[in-house]
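This is what each chain is made of:
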Amino acid sequence: MRIGVIGGGRMGAGIAQVFLAAGDHVTVQEPEAEAARERIAQGLGVAEARGGGRRDEALARLTLGPVPADASLVIEAVPEDPKLKAEVLGEAEARLPGGAVLATNTSSLSIAELSAGLERPERLIGMHFFNPVPVQKLVEIVVTRATAPEVLDVARRQVERVGKTAVVVNDSPGFATSRLGVLLGLEAIRMVEDGVASAEDIDTAMTLGYGHPMGPLKLGDLVGLDVRLAIAEYLHAKLGPRFEPPRLLRDKVAAGELGRKTGKGFYEW
């Protein structure tokens, strides 16, 4: 298959990697093309060292440039800015034939709102991959009232083909995973803010007591506290005060303590 990925950051590179590993030809549309290639090459190299496919063979199927008109599936993975996402989705739709599936990797934004400016809103679906994409097994598929049944079928098949498991949810603020995950993360931040326990002890309580693979505060650092704040603000506006961002989260973002990508968040990285 020919797959297009719009955005070559951490998420876009990870999505490109799993489709390359599945044997597809993948085009990544990203202004910082060489940085995207390096991320993908590094990820494929790690996978090869762990017994995965050959990195160089997969890289030979990678193209950097505009999404091809003959792509069967194009996945948008740009930052969580609704205006930016709507713009790139519209541009991608204009390049694609009527039968192509267009997907957005948003973790919380309304799929229906993102599709409002499209000529074929029935061809858009949410495919929410999780970070790090090559490791995480879940993909949250999000459908609207307009989503065509065959589009959902394509999304499910592609998720299975790259070795992941799909859950299907209806379009609503935060879907299922972000709505629950962000709520837990915000309460953990409030507990640090209130002096209930340290970040390390709260995370240990959730990993050992509840079997979570990673505590909510370390996960926030991994995702990016700026990303967590943006999602919380969106959910606060849509769903009310239980998603109001804690002052500590706002202060850390204002100070540039965004988590792993800046070297400091609730942990030192």
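Parameters and conventions
- Residues numbered from 1 in each chain as written.
- Predicted model: local features only at pLDDT ≥ 70, side-chain atom pairs only at ≥ 80, totals over all residues.
- Heavy atoms only, no water.
- Pairing = 2+ DSSP bridges.
- Helix = DSSP H or I, 4+ residues; strand = E, 2+ residues; numbered from the N terminus.
- Axes fitted to C-alpha atoms, helices over the stretch in contact; angles between N-to-C directions.
- Contact = heavy atoms within 4.5 Å.
- Buried < 20%, exposed > 50% of the residue type's maximum accessible area, 1.4 Å probe, protein only.
- Right-handed = clockwise from strand over helix to strand, strands pointing away.
- Parallel < 35°, antiparallel > 145°, perpendicular 65-115°, else oblique.
- Left-handed = near helix turned anticlockwise from the far one by under 90°.
- Lys, Arg positive; Asp, Glu negative; His and termini not counted.
- Salt bridge = Lys/Arg side-chain N within 4 Å of Asp/Glu carboxyl O.
- Expected span 1.5 Å × (residues − 1).

Caption draft 1: Structural context of the sheet that holds strand β4 (residues 73–76). Spatial strand order, β3-β2-β1-β4-β5-β6-β7-β8: eight strands in an open sheet with mixed pairing. Here the strands that pair on one side only, and so sit at the sheet edges, are β3 (62–64) and β8 (165–170). For this sheet, the mean angle separating the axes of adjacent strands, direction not counted, is 25°. Sitting on the sheet, helix α4 (residues 82–95) is in contact with β1 (2–6), β4, β5 (101–104) and β6 (124–129), with an inclination near 165° to β5. Its contacts with the sheet place helix α6 (residues 149–161) against β4, β5, β6, β7 (138–143) and β8, and it is angled at close to 175° to β7.

Caption draft 2: Representation of the pairing of β1 within the structure. Across the five residues that make up β1, a large majority, four, are buried. For β1 and strand β2 (residues 25–29), the ladder comprises five bridges, and the chain directions are parallel. Note on β2: the bridge partner recorded for Arg-2 is His-25. Read from β1 through helix α1 (residues 10–21) to β2, the crossover connection turns out right-handed. Pairing of β1 with β4, which is carried by four bridges, proceeds in the parallel orientation. Bridge assignment links Ile-6 to a residue of β4, and that residue is Glu-76.

Caption draft 3: Spatial organisation of the packing of α1 against helix α2 (residues 33–49). Axis separation between α1 and α2 bottoms out at 9 Å; the angle between their running directions is 50°. When the axes of α1 and α2 are compared, the pair comes out oblique. Pair α1 / α2 crosses with right-handed handedness. In this structure, α1 contributes Arg-10, Ala-13, Ala-16, Gln-17 and Leu-20 to the contact, and α2 contributes Arg-39, Ile-40, Gly-43, Leu-44 and Ala-47.

Caption draft 4: Spotlight on the side chain of Glu-93. Of note, Glu-93 is situated in helix α4. For the buried Glu-93, no salt bridge exists, and the shortest N-O distance to an oppositely charged side chain is 4.3 Å, to Arg-120.

Caption draft 5: Up close: helix α7 (residues 177–193). The end-to-end C-alpha separation of α7 is 24 Å, in line with the 24 Å expected for 17 residues at 1.5 Å each. Taken residue by residue, α7 has Ser-178, Val-182, Gly-185, Leu-186, Ala-188, Ile-189 and Arg-190 as its buried positions. After α7 finishes, the residue Gly-195 shows a positive phi value of roughly 75°.

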